[in-house]
Amino acid sequence: MTLVDQARAVRENAHAPYSNFKVGAAIRTASGAVFTGCNVENVAYPEGTCAEAGAIAAMCAAGEREIVEVAVIADSPTPVPPCGGCRQKLAEFAGSQVPVLMATTEGADLTLTVGELLPGAFGAGHMEKS
């Protein structure tokens, strides 16, 4: 099963009763392990969890810390990129050259790198004292 297939499968578990916009994400780590996540909304909309954030949380809970590949899928007319917050979350664990495959349920896709999605990312180096 490909990474996008795993994202497609977990998308079906999304809890999106308010937006009706289900998203699935799958991330592969340096060890080869795959972690998935889906968006989870609640009545205090827009509070909730993005699919990418859920996959990252599962990865961290398993003790992994390095992302080497990402796939995100949604039922939309064009491939949907991660939101700004999730771009920063991905940049925390993925190098700027890590590919992010964005797909639609109808089969369209677009691949960009983490660096292309978040140029000029805020990083740990910015917190060093001079």
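A short tour of the structure in this document, coming up. (Residues numbered from 1 in each chain as written. Predicted model: local features only at pLDDT ≥ 70, side-chain atom pairs only at ≥ 80, totals over all residues. Heavy atoms only, no water.)

1. Quick look at the side chain of Thr104
Then, number 1: Residue position: Thr104 is located in strand β6 (residues 99–104).
Then, number 2: Apart from residues lying up to four places away in sequence, Thr104 is in contact with Arg8, Ile73, Ala74, Ser76, Pro77, Thr78 and Pro79. (Helix = DSSP H or I, 4+ residues; strand = E, 2+ residues; numbered from the N terminus. Contact = heavy atoms within 4.5 Å.)

2. As for helix α3 (residues 84–93)
Then, number 1: What α3 keeps buried is the set Cys86, Leu90 and Phe93. When α3 is viewed along its axis, its buried side chains cluster within an angular range of 65° and face the same direction.
Then, number 2: In this fold, the buried residues of α3 make contact with α2 (51–61) and β5 (67–74). (Buried < 20%, exposed > 50% of the residue type's maximum accessible area, 1.4 Å probe, protein only. Arc of directions from axis to C-beta.)

3. Let's talk about the pattern of salt bridges
Any two side chains of opposite charge can pair, so long as their charged atoms come close to each other.
Then, number 1: Under the defined criterion, the tally for this structure stands at two salt bridges.
Then, number 2: Between Glu12 and Arg11 there is a salt bridge, and its shortest N-O distance comes to 3.1 Å.
Then, number 3: Classification of Glu12 as partly exposed rests on a relative accessible area of 48%. (Salt bridge = Lys/Arg side-chain N within 4 Å of Asp/Glu carboxyl O.)

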